[in-house]
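# Per-entry structural report
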Amino acid sequence: MSEAVAAEENPIRPETADDTGAIDLINMSAFAGDAEARLVDELRKTPAHVPELSLVAEDGGRVAGHLMLFRSTLIGEGGEQTILTLAPTAVVPSRTHRGLGTALVRAGVERARQMGFPAIVEVGFPAFYQRLGFRPITEYGLHHDLPVADDFATALELAEGALAGGGRLEYPAPFRAFYRRPVEA
């Protein structure tokens, strides 16, 4: 199925309060545990939450995918600027490889651009995001203090030069805690 067909057949929209149970189930099934579902719930409670950028994709009238973009801070040569972090992106396992995840990311990027955010970073699955135009954060001179290698994170400029000069990425407390949680056996 082409990406255009996926987006046309599977409407993408901001989540509503009625979607939270489905979003939890999507994240639990996609990631085989509840850590990402708890992360989404915790991020919703912070000023980092951008309700218009917590998106769901429908498939056959049911919520089958979810993506969240939330505010983070880039501290660079020119001071601080608010950017976005993309995490998590999840699709019900029975609906993967149909373009839903790609359509969600592209919709999120476009909405973020329209809202005037200058850049997006993400941590995890760099090969997937690089297919969508994201580049390793090291190419921009960016770094973070998460306990994952910098090359495991990617970034996308929405405004030309937004990441020029590099800098340090600061994430909201729930996201930092997510990466510092003990590994479950």
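Rules used in this analysis
- Residues numbered from 1 in each chain as written.
- Predicted model: local features only at pLDDT ≥ 70, side-chain atom pairs only at ≥ 80, totals over all residues.
- Heavy atoms only, no water.
- Helix = DSSP H or I, 4+ residues; strand = E, 2+ residues; numbered from the N terminus.
- Rg over C-alpha atoms; globule rule 2.2 N^0.38 Å.
- Contact = heavy atoms within 4.5 Å.
- Buried < 20%, exposed > 50% of the residue type's maximum accessible area, 1.4 Å probe, protein only.
- Pairing = 2+ DSSP bridges.
- Expected span 1.5 Å × (residues − 1).
- Axes fitted to C-alpha atoms, helices over the stretch in contact; angles between N-to-C directions.
- Parallel < 35°, antiparallel > 145°, perpendicular 65-115°, else oblique.
- Nonpolar A, V, L, I, M, F, W, Y, C, P; charged D, E, K, R; others polar.
- Salt bridge = Lys/Arg side-chain N within 4 Å of Asp/Glu carboxyl O.

### Considering the overall build of the protein
- Scanning the protein from terminus to terminus reveals six helices and nine strands.
- In summary, the protein has a C-alpha radius of gyration of 16 Å against a globular reference of 16 Å for 185 residues, a match within 12%.
- In terms of overall dimensions, the protein has a C-alpha envelope of 50 × 40 × 30 Å along the principal axes.
- For the protein, long-range pairs separated by at least 24 residues make up 68% of all intrachain contacts whose partners lie at least 6 apart in sequence.

### Digging into the pairing of strand S2 (residues 49-59)
- Among the eleven residues of S2, eight are classified as buried, and the element is accordingly described as predominantly covered.
- Alignment of strand S1 (residues 12-14) against S2, held across three bridges, turns out to be antiparallel. Following the sheet pairing, Ile 12 is matched in S2 by Ala 57.
- Here S2 folds back onto strand S3 (residues 62-76), and the loop between the two strands holds two residues, one of which, Gly 60, carries a positive phi near 65°.

### A look at helix H2 (residues 20-31)
- A rise of 1.5 Å per residue sets the reference length of H2, with its twelve residues, at 16 Å; its end C-alpha atoms lie 16 Å apart and thus fit the reference within 8%.
- Buried residues along H2 sit against helix H3 (35-44), S2, S3 and strand S4 (79-91).
- Looking one or two residues beyond H2, the residue adopting positive phi is Ala 32, at roughly 55°.

### Observations concerning the packing of H2 against H3
- Interhelical geometry of H2 versus H3 gives an angle of 140° and a closest axis separation of 8 Å. Taken together, H2 and H3 sit at an angle that is classed as oblique. Listed contacts from H3 to Thr 20, Ile 23, Asp 24, Asn 27, Met 28 and Phe 31 of H2 are Glu 36, Ala 37, Val 40, Asp 41 and Arg 44.
- Class assignment of the residues belonging to the contact of H2 with H3 gives a composition of five nonpolar, two polar and four charged.

### Regarding the pattern of salt bridges
- Throughout the structure, instances matching the rule amount to eleven salt bridges.
- In this structure, Arg 13 and Asp 19 form a salt bridge, with 2.7 Å as the shortest nitrogen-oxygen distance.
- Across the pair Arg 113 and Glu 110 runs a salt bridge whose closest N-O atoms are separated by 3.4 Å. Taken as a pair, Arg 113 and Glu 110 lie in helix H4 (residues 100-114) at a separation of three residues, close to a single helical turn.
- For Glu 110, a relative accessible area of 35% translates into the label partly exposed.
- Several salt bridges share partner residues, and in doing so they unite Arg 13, Asp 19 and Glu 58 into one network.

### With respect to the pairing of strand S5 (residues 119-123)
- In terms of residue burial, S5 counts as a mostly covered element, since five of its five residues are buried.
- Alternating positions in S5 separate into two faces, Ala 119, Val 121 and Val 123 on one and Ile 120 and Glu 122 on the other, with burial throughout.
- Here three bridges tie S4 to S5, and the two strands are oriented parallel to one another. Residue pairing across strands places Leu 86 opposite Glu 122, the latter belonging to S5.
- In terms of strand pairing, S5 meets strand S8 (residues 153-157) through five bridges, oriented antiparallel. Its bridge partner being in S8, Glu 122 is matched across the sheet by Thr 154.

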